[in-house]
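# Reading the structure
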Amino acid sequence: MQAAPFSPVTDIKIVSQKERYPPGYFMLTKTVQGNDGQLFDSTWRHKGKRYLCFARQGGQNVIEDLTVIGEDDHVPAGFTALTKAHDDDDKALRKHFLCFKIKASKTAVSAVFDIVLINRNKGETAPPGYKLITNEVNNLSVCFKAAPMTREPPGPPSVHQNPYNVPPQNQWYGQAPVPSPQQHQLGYQALPAVSAKPGASSAIEGLPFEVNSKFEMLWKKSGPVIPAMQSLSVSDIDVKYNYDFSKERAVTSR
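None of these values were measured; they are calculated from a predicted model. (Residues numbered from 1 in each chain as written. Predicted model: local features only at pLDDT ≥ 70, side-chain atom pairs only at ≥ 80, totals over all residues. Heavy atoms only, no water.)

## Remarks on the overall build of the protein
For the record, the criterion: Each helix is a run of DSSP H or I of at least 4 residues and each strand a run of E of at least 2, with the numbering of both proceeding from the N terminus. Under the scheme applied here, a residue whose accessible area is under 20% of the maximum for its type counts as buried, over 50% as exposed, and between as partly exposed, the area being computed with a 1.4 Å probe on protein chains only. Any two residues whose heavy atoms approach within 4.5 Å are treated as being in contact. Using a 1.4 Å probe, the Shrake-Rupley method yields the accessible areas, and only the shown protein chains count as cover for residues.
Looking only at helices and strands, one finds three helices and nine strands in the protein. The buried share of the protein, taken over its 254 residues, is 31%. Taking contacts inside the protein between residues at least 6 apart in sequence as the whole, the part at least 24 apart equals 72%. Split by element, the accessible area of the protein, about 17,700 Å² in all, is 54% carbon and sulfur.

## A short note on the side chain of R56
Rule in force here: Polar contacts, as counted here, are pairs of nitrogen or oxygen atoms within 3.5 Å of one another; within protein the pair requires one atom able to donate a hydrogen and one able to accept it, and residues that are adjacent in sequence qualify only if both atoms are side-chain atoms.
Of note, R56 is situated in the loop between β3 (51–55) and β4 (61–70). What makes R56 buried here is its relative accessible area of 12%. Among the polar contacts made by the side chain of R56, one reaches the main-chain carbonyl oxygen of S7 at a distance of 3.4 Å. For R56, the side chain forms a polar contact with the side chain of D114, separated by 3.0 Å.

## Structural notes on the pairing of strand β9 (residues 141–148)
To keep it simple, the criterion reads: We call two strands paired when DSSP finds no fewer than two bridges between them.
A large share of β9 lies buried, amounting to seven of its eight residues. As paired elements, strand β8 (residues 131–132) and β9 share two bridges and run antiparallel to each other. For K131, the partnering residue across the bridge sits in β9 and is F144.

## Side note on the confidence of the model for the protein
Test applied: pLDDT measures the predictor's confidence residue by residue and takes values from 0 up to 100.
Mean pLDDT over the protein works out to 76, with 65% of the residues at or above the 70 mark. Predicted confidence for residues 157–172 stays below pLDDT 50, and this span has 41 contacts to residues more than four positions away or in other chains. Confidence over residues 176–196 falls short of pLDDT 50; this stretch has ten contacts with residues more than four positions distant or in other chains.

## Some details on the nonpolar core
Rules: We define a nonpolar core as any set of buried Ala, Val, Leu, Ile, Met, Phe, Trp, Tyr and Cys residues linked to one another through side-chain atoms lying within 4.5 Å.
Within the largest apolar cluster, 24 residues are counted, with the highest numbers of intra-cluster contacts made by I12, L39, L52, L66, L98 and I115. Going through the elements one at a time, β1 (11–15), β2 (26–28), β3, β4, β6 (96–104), β7 (110–118) and β9 are the ones with two or more residues in this core. Leaving out residues up to four positions away in the same chain, L39 has contacts with I14, R50, Y51, L52, L93, L117, V137, N138 and L140.

## Structural notes on empty space enclosed by the protein
We apply this condition: For cavity detection a 1 Å grid was placed over the protein atoms alone, and a set of points counts as a cavity when a 1.4 Å probe fits there but cannot get out; an open set counts as a pocket when protein lies on both sides within 12 Å along at least five of seven lines, with lining residues being those that have an atom within 4 Å of a point. Grid points are joined across faces, edges and corners, and a volume is the space filled by probe spheres set on the points. Any residue that is not Ala, Val, Leu, Ile, Met, Phe, Trp, Tyr, Cys, Pro, Asp, Glu, Lys or Arg is counted as polar, Gly included; the first ten are nonpolar and the last four charged.
The tally for this structure, following the rule as stated, stands at one cavity of 30 Å³ or more. Around the largest cavity, the lining residues are I14, L39, L52, V68, L93, L98, V137 and V142. Residue composition of the lining of the largest cavity, by class: eight nonpolar, no polar and no charged.

## Focus on the sheet that holds strand β5 (residues 79–82)
Where we set the bar: Only the stretch in contact is used when a helix axis is fitted, and all axes are lines through C-alpha atoms; the angle between N-to-C directions ranges over 0 to 180 degrees.
Spatial strand order, β4-β6-β5: three strands in an open sheet with antiparallel pairing. Two strands lie at the open edges of the sheet, namely β4 and β5, each paired on one side alone. Averaged over neighbouring strand pairs, the angle between their axes works out to 30° when direction is ignored.

This is the structure we're talking about:
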C-alpha cells in the first residue's frame, strides 16, 4: 500500500442537513465526477437527505476498515454500525448500515485515509487504489483508500510535524474540510467614515443646477408635442354634440 499525504480517518458520521455537519469534518456532497452525493433512498413516505462526513482529527483511534450491509444483515465481527444521523437522531441510512472498524492508532498497521463516492449508473468507477464497497446506497457506492501507518520516531513536537510520516502523493482525492460561514466572508476591513470639518464648505456649494443648453434644445426638439386644449361653453357643447335619438325612436315604434 502507498503512503497517504494526510492523516488517517478517525471518525465517520451521517448528517441530514448540509449546514449541520460537525465542525472540522469533511462532507461528501458530490461524487468523484460531481454528481449528487445524497445517500438517502427517498420514497413518497420516507423523504430526507443524508450526507457522509468524516474527520481526520488526531486521536487515540483510527478507522481501519469500512463496509456497507443490508438492514437485515448481521454486523461483521469487530465492526460498529452507524445507525443514527448525527444531527437529528433519525435513521442514518434507509435499508442499509455503514459499518466501520475502529483500531487504536498506536497498534494499527494500516488505516483508512480517504473516502469518496461514485455513481456506477453514470459510468463512474473507483479511483485507482481505492477499494469499492459493492453494496450500493441510493445508487451510490462508497470507496475508500487505505495506507500503512508509518510513524516517526519520538522527538520534539513541531507545529508542522506529520505524526504519520507520509509524503505527499498526487493520486489522492483528499477531500477539503467544509468551510465555515466565516470563511466565506471577504477579507477586507471597512474604511472609517470621514467627518466634515466644522465650517468647511464644498467647492460647488451655492451654484445653481442647470442643464447644458445644447441638451435642453435637443430635448425641446425631440420632446412630445401636446396639442392645445379647446375651451367650450355649455351651449357650445349642446350645439356640437346634440343628438335627438329620432332614428332609434322610429325603429322601436314599429
